[in-house]
Amino acid sequence: NAITYIERAPEVRDVLISLANEFFLISPGIFFDCSTGYYNGLWGGSGILTRGPYAYPKRAYVAYAVLTSVLDGVKFSRQLDTGSTTVYAVEFKRLDGKYVTAFWAARGDVVFAVACPTGRGELTAMYGRTGTLNGQSFQVASGTSPAYLVTDRPLTSVTIARSSLAASFGGK
């Protein structure tokens, strides 16, 4: 398979960037892996489901399902200044009136320091792990895989608490 599940995070980030730029149609790839000899080529294994006859979901399928469940029907609100041009915090307003902020970095691992005026947020990781964060300020860990924070009001501020490129280069 030419594209591994680890390499799918950039595609999810592409969808986030497309949403921020108010794209009407976002097409991140093909649904099924190719079932012919093309499968062994560079892009033949790029589906979010394995090739027939089984069509098992890959991790990318889950990542897109989570992204859709958290960001369905959103409108871009703003990009928060993180102090870096390669570390992102992008805010959207949902149809239910809540706000969702997507956090990610182009490379490495990042811990974001978040100021939340409501004192509560629901955090969802790229593959669907969820948790509740409480307090006027808390930390959100992310990296090349996005994390989504749902709050009742827009965040007050986001800064980088710490970051590391070690994971990107095989370091400890």
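Up top is the structure these notes are about.
Residues numbered from 1 in each chain as written. Predicted model: local features only at pLDDT ≥ 70, side-chain atom pairs only at ≥ 80, totals over all residues. Heavy atoms only, no water.

Draft legend 1. Representation of the sheet that holds strand E9 (residues 157-164) within the structure. Taken in spatial order, the three strands of this open sheet run E7-E4-E9, and their pairing is antiparallel. At either margin of the open sheet sits one strand with a lone partner, and together these are strand E7 (137-142) and E9. Each neighbouring strand pair of the sheet contributes to a mean axis angle of 25 degrees, computed without reference to strand direction. Sheet topology places strand E4 (residues 109-115) next to E7; six bridges connect them, and they run antiparallel. (Pairing = 2+ DSSP bridges. Helix = DSSP H or I, 4+ residues; strand = E, 2+ residues; numbered from the N terminus. Axes fitted to C-alpha atoms, helices over the stretch in contact; angles between N-to-C directions.)

Draft legend 2. A look at the pairing of strand E5 (residues 120-125). Sheet topology note: the E5/strand E6 (residues 130-134) ladder contains five bridges and is antiparallel. Residue pairing for E6: Leu123 is matched across the bridge by Gly131. What sits between the antiparallel neighbours E5 and E6 is a turn of four residues, in which Gly128 has the positive phi angle 105 degrees.

Draft legend 3. The arrangement of the sheet that holds E5 in detail. What the six strands build is an open sheet, ordered E1-E2-E3-E8-E5-E6; its pairing is antiparallel. Single-partner strands in this sheet number two, and they are strand E1 (75-79) and E6. Each neighbouring strand pair of the sheet contributes to a mean axis angle of 25 degrees, computed without reference to strand direction. Judged from the five bridges that link them, strand E3 (residues 99-105) and strand E8 (residues 147-151) form a sheet pairing that is antiparallel. Bridging from a neighbouring strand, Thr101 pairs with Leu149 of E8. Helix H2 (residues 59-71) contacts strand E2 (87-93), E3, E5 and E8 of the sheet and is inclined by roughly 20 degrees relative to E8. (Contact = heavy atoms within 4.5 Å.)

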